[in-house]
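# What the coordinates show
Chain residues, written in single-letter form:
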Amino acid sequence: MQIYKILKVYPLENMILGVLFENGVFKQYDVSSLISEIPQFKQLRNKDLFNKVKVAFGGSGVRWNSELDLSEYELYKNGKKWKNPPIKDIPVVSLIEQFRKLRLKAKKTQQEIANKLGIKQSGIARIENGGRTPNIETLLQLGSAIGYTLQWKKIKI
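Now for a look at the structure at hand. Residue positions are given per chain, counting from 1 as you read along its sequence in written order. For this predicted model, a pLDDT threshold of at least 70 governs which residues receive local features, and a threshold of 80 or more governs which side-chain atom pairs are given and counted, while totals over whole chains, interfaces and linings are taken from all residues. The side-chain quantities take in all heavy atoms of the structure and omit both hydrogens and water.

### Remarks on helix H3 (residues 89-105)
Along an α-helix, residues three or four apart share an orientation, since each turn contains 3.6 residues. For clarity, the threshold we go by: The numbering of helices and of strands both runs from the N terminus, where a helix is a DSSP run of H or I of at least 4 residues and a strand a run of E of at least 2. Expected span, for any helix, means 1.5 Å times one less than how many residues it has. Each residue's exposure class comes from its accessible area (1.4 Å probe, protein chains only) as a fraction of the maximum for that residue type: buried when under 20%, exposed when over 50%, partly exposed otherwise. In this description, the arc belongs to the directions extending from the helix axis to the C-beta atoms. What makes two residues a contact is simply this: any of their non-hydrogen atoms within 4.5 Å.
Taking 1.5 Å per residue as the helical rise, H3 with its 17 residues ought to reach 24 Å, and the 24 Å between its terminal C-alpha atoms agrees with that figure. By the burial criterion, the buried members of H3 are Asp89, Val93, Ile96, Glu97, Phe99, Arg100 and Arg103. Seen along its axis, H3 keeps its buried residues to an arc of 155 degrees; they face one direction. Contact partners of the buried residues in H3: strand E1 (6-11), strand E2 (16-21), helix H4 (110-117), helix H5 (121-128) and helix H6 (136-145). Positive phi shows up at Lys107, right after H3, with a value of about 60 degrees.

See below:
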């Protein structure tokens, strides 16, 4: 089974995670099922901690802190199809993933892009890892920093 990187994670009610993978698949994963198997996951009954979930570096999983994480393999393999996902996120997440791939192809580091745009490298990392959704101006600046622009493209309706 091919495993896809995680682009975005959504903490939902009742210890359910929503996950968007790079192939556009949305899945839901019930974290509460792990509590009996892995005692450390009891910590996630604390709603504030559960809601602090982030995509791990490079989309290799999700994490809450240094003790609690789940791999993309576990989430993809054992997650269930998400029936009503926030499909509005797909275009922006797709653009960010394209930017990351083009940045790497151009052999530019996050720090180089950040210097060019006058922002912190951590800001670029948060965008690429789904921690921050950029506005259209930022998307245009990111593209410009690696020699690309956004354009309208006809789609089938």
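### A few points about a nonpolar patch on the surface
To be explicit about the condition: Every patch collects residues that have over 30% relative accessible area and no salt bridge, joining them within 9 Å if they carry like charges and within 5 Å if they are nonpolar side chains (Val, Leu, Ile, Met, Phe, Trp, Tyr). Exposure was quantified through the Shrake-Rupley algorithm and a 1.4 Å probe, taking into account, for residues, occlusion by the shown protein chains and nothing else. Here, a salt bridge means any Lys or Arg side-chain nitrogen found within 4 Å of an Asp or Glu carboxyl oxygen.
Together, Ile136, Leu140 and Leu150 make up an exposed nonpolar region whose accessible area comes to about 260 Å². Residue position: Leu150 is located in the segment after H6.

### What about the pattern of salt bridges?
Counted by the stated rule, this structure contains four salt bridges. A salt bridge links Glu13 to Lys47; the shortest N-O distance between them is 3.3 Å. Of this pair, Glu13 sits in the loop between E1 and E2 while Lys47 sits in helix H1 (residues 47-50); the two residues are 34 residues apart in sequence, bridging distant segments of the chain. Judged by relative accessible area, which is 52%, Glu13 ranks as exposed. The closest approach of N and O atoms between Glu97 and Arg100, which form a salt bridge, is 2.8 Å. Here Glu97 and its partner Arg100 are both found in helix H3, three residues apart, which amounts to about one turn of the helix. With respect to class, Glu97 is no different from Arg100; both count as buried. One salt-bridge network, in which partners are shared between bridges, spans Lys5, Glu97 and Arg100.

### Looking at the sheet that holds strand E7 (residues 80-81)
Put simply, the rule is: Criterion used throughout: strands pair if DSSP finds at least two bridges between them.
What the four strands build is an open sheet, ordered E1-E2-E3-E7; its pairing is antiparallel. Each having just a single partner strand, E1 and E7 make up the two edges of the open sheet. Across five bridges, E1 lies against E2 in antiparallel orientation. Its bridge partner being in E2, Tyr10 is matched across the sheet by Gly18.

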